[in-house]
Amino acid sequence: MNTSWQRWAAARPQAAEAGALALAAAATISGVLVTRGIMATPPLWPALTLAVVACAALHWRRARPLPVLAVTLLCAMGIGALGYLLTPLLMGPLLAAQYSLSVHAPRRTTWNSALAAALGMVATGLFFPPFHSSPVLSIVNPTAWVLLAAAFGSYVRVRREYAAARAEHAAREREEEARHRVFQERMRIARELHDVVAHHLTLADAQASTAAHLAATHPDQALAIIGKLPQTTSAALHELKATVGLLRQDTDHGDDLTPAPGLRDLPELVDACAAAGLTVTVGVQGQARRLTPVLDLTAYRIVQEALTNVSKHAATPAARVRLAYAPHRLTLSVTNDAAPGGPPDITGGFGLITMRERATAAGGTFHAGRRPQGGFEVACTLPLDDRDEDLGEDLRETLEELRQGSHATRPPESPAL
């Protein structure tokens, strides 16, 4: 019912305002008539005139709250001076004006106006007492009603300010959350594009450089490397197309997507590195377990980026990959030795940054730096879920081959990259 009335009042504001003023006038006039019927001595028409004037002034209570409060206060004091007992019905316009001012005016203005209205009620009770023997009825009661209207209006104003502040805070939080999600998505896309483009293009560049170097002395090896070059570039275009295709989709069509790469693709990664002249040895310790898609992709991308850095920066074209499975974590490391000329320097660029971000986002740890005995090492630890199952037979056989020493070697006479 309240909701229906609010909808009706919002749709017809002028009619609602006229109805409220009419109810206020009827209540005030009825208060005048009831009080005169009990006391039988005060004049009627001056009191009715003051009541109508006070109710009419309420029409401007929102636009000019202070003048309306002054008019209603003077009318209430005039009615009291005529000998009427100031009951809540007679004080209705004054209480409504005080409430409206308290809702829309600042706190200081509210309580200053309430104090002035209370002093007016006290003065009326002292100088024009309708009941000499009852100061509670003539002074305390009118003053209390004025202060109560001011307190109730202040409470409503505070509630509205609190609700507005909460709505503004919620809007800021939603906006901040949206910006944070956009930033995280941009970082994720940047990591994926960096890993895809940097890895495949680095291998393609290494293959082309090696083939050019061997073209004159070992044409067979050069042709073999050139024959593998389209595979590298095709893989780069395929992953780049898949990544960009995800950005163009309005909805998520999970059934049409190629599975994300994982540790099951480690043999193909090792073969690609071999075609680029990089010797990669893989070692597996512990019972291999099935990783969640996020952890599987994270582990693969870290190994991929680490091998890419070795191809670009390492002084010796060889790397060792180690996967150590424990009950609650997977530790993977990629190391390479330094050549006699000095240690490698791969501390620049975004590779280490993306690897650290991936490991941290998965709840793991990451470390990269020079080894005391020479060379460089990338190591990270990823948490495993106790509910993770063992790997399937195919993946177990793949890692078993890597455990037994299956590795990729560069052409025997290719130069160091």
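Quantities reported herein were computed from a predicted structural model and do not represent experimental measurements.

Calculation rules
- Residues numbered from 1 in each chain as written.
- Predicted model: local features only at pLDDT ≥ 70, side-chain atom pairs only at ≥ 80, totals over all residues.
- Heavy atoms only, no water.
- Helix = DSSP H or I, 4+ residues; strand = E, 2+ residues; numbered from the N terminus.
- Buried < 20%, exposed > 50% of the residue type's maximum accessible area, 1.4 Å probe, protein only.
- Contact = heavy atoms within 4.5 Å.
- Salt bridge = Lys/Arg side-chain N within 4 Å of Asp/Glu carboxyl O.
- pLDDT = per-residue confidence, 0-100.
- Axes fitted to C-alpha atoms, helices over the stretch in contact; angles between N-to-C directions.
- Parallel < 35°, antiparallel > 145°, perpendicular 65-115°, else oblique.
- Left-handed = near helix turned anticlockwise from the far one by under 90°.
- Nonpolar A, V, L, I, M, F, W, Y, C, P; charged D, E, K, R; others polar.
- Expected span 1.5 Å × (residues − 1).
- Arc of directions from axis to C-beta.
- Polar contact = N/O pair within 3.5 Å; in protein donor to acceptor, adjacent residues only side chain to side chain.
- Disulfide = S-S within 2.5 Å.
- Phe/Tyr/Trp six-rings, centres within 6.5 Å; stacked < 30°, edge-to-face > 60°.

Visitor: What's the story with the overall build of the protein chain in this structure? I'm lost.
Guide: A tally of regular secondary structure across the protein chain gives 12 helices and six strands. Counting only residues that meet the buried cut, the protein chain has 40% of its 417 residues in that class. For the protein chain, the share of sequence-separated contacts (at least 6 apart) that also reach a separation of at least 24 residues comes to 74%.

Visitor: Please clarify how the pattern of salt bridges should be interpreted in this entry.
Guide: Proximity of charged atoms lets side chains of opposite charge pair with each other. A full pass over the atoms with the stated rule returns six salt bridges. Note that Arg-179 is salt-bridged to Glu-176, the shortest N-O span being 2.4 Å. Pair noted here: Arg-179 and Glu-176 are both in helix 7 (residues 135–214), with a separation of three residues, about one helical turn. A salt bridge links Asp-296 to Arg-264, with the shortest nitrogen-to-oxygen separation between them at 3.4 Å. On the criterion of sequence distance, the pair formed by Asp-296 in helix 10 (residues 293–313) and Arg-264 in the loop between helix 8 (219–248) and helix 9 (266–275) is long-range, its members being 32 residues apart. You can call Asp-296 buried: its relative accessible area is 14%. Salt bridges sharing common partners tie together Glu-175, Glu-176 and Arg-179.

Visitor: Is there a simple way to think about the confidence of the model for the protein chain in this case?
Guide: Residues of the protein chain with pLDDT of at least 70 account for 78%, and the chain-wide mean is 76. Within the protein chain, no element has a lower average pLDDT than strand 6 (residues 407–408), which sits at 44, and none a higher one than strand 5 (residues 376–383), at 90. Predicted confidence for residues 406–417 stays below pLDDT 50, and this span has 37 contacts to residues more than four positions away or in other chains.

Visitor: Can you help me understand the packing of helix 5 (residues 92–104) against helix 6 (residues 107–127) in this one?
Guide: For any two helices packed against each other, one specifies the inter-axial angle together with the distance between the axes. It is at 9 Å that the axes of helix 5 and helix 6 come closest, and there the two elements cross at 160 degrees. Considering the angle they form, helix 5 stands roughly antiparallel to helix 6. Relative to helix 6, the crossing made by helix 5 is left-handed. On helix 6, the residues that touch Leu-94, Gln-98, Leu-101 and Ser-102 of helix 5 are Thr-109, Thr-110, Ser-113, Ala-114, Ala-117 and Met-121. For the contact of helix 5 with helix 6, the per-class residue count stands at five nonpolar, five polar and no charged.

Visitor: Looking at this structure, how should I read helix 6?
Guide: Given a rise of 1.5 Å per residue, 21 residues ought to cover 30 Å, and the 30 Å separating the end C-alpha atoms of helix 6 matches this to within 8%. Along helix 6, the residues that are buried comprise Thr-110, Ser-113, Ala-114, Ala-117, Ala-118, Gly-120, Met-121, Thr-124 and Gly-125. Taken end-on, helix 6 shows its buried residues confined to a sector of 155 degrees, consistent with a single buried face. Residues of helix 6 that are exposed and angled more than 90 degrees away from the buried face: Arg-108, Leu-115, Leu-119, Leu-126 and Phe-127.

Visitor: For this particular structure, what's the right way to read the side chain of Ser-100?
Guide: Here Ser-100 shows up in helix 5. Polar side-chain contacts of Ser-100 include one of 3.5 Å to the backbone oxygen of Arg-61. Once residues lying within four places of it in the same chain are set aside, the contact partners of Ser-100 are Arg-61 and Arg-62.

Visitor: Can you walk me through the state of the cysteines in this structure?
Guide: Simply put, disulfide is the name for a covalent bond between the sulfur atoms of two cysteines. In this structure the tally under the stated criterion is zero disulfides. The structure places no disulfide on Cys-55, whose sulfur is separated from the nearest cysteine sulfur, that of Cys-75, by 8.9 Å. Given a relative accessible area of 7%, Cys-75 falls into the buried group.

Visitor: Just checking my understanding: could you explain the packing of aromatic side chains for this structure?
Guide: Any two aromatic rings considered together are summarised by their centre-to-centre distance and by the angle between their planes. Inspection of every chain in the model, using the stated rule, returns one aromatic pair. Judged by centre distance (5.5 Å) and plane angle (25 degrees), the ring pair of Tyr-99 and Phe-152 falls under stacked. Within this pair, whereas Tyr-99 is found in helix 5, its partner Phe-152 is found in helix 7, the two being separated by 53 residues in sequence. Look at Tyr-99 and you get partly exposed, because its relative accessible area is 28%.

Visitor: What am I meant to see in the packing of helix 4 (residues 65–81) against helix 6 here?
Guide: Two numbers describe how helix 4 lies on helix 6: the axes approach to 9 Å, and their chain directions differ by 15 degrees. Here helix 4 lies roughly parallel to helix 6, going by the angle between them. Where helix 4 crosses over helix 6, the two elements pack in a sense that is right-handed. Two secondary-structure elements touch here, helix 4 through Leu-66, Leu-69, Leu-73, Ala-76, Met-77, Gly-80 and Ala-81 and helix 6 through Thr-109, Ser-113, Ala-116, Ala-117, Gly-120, Met-121 and Thr-124. Residue classes in the contact of helix 4 with helix 6 are distributed as nine nonpolar, five polar and no charged.

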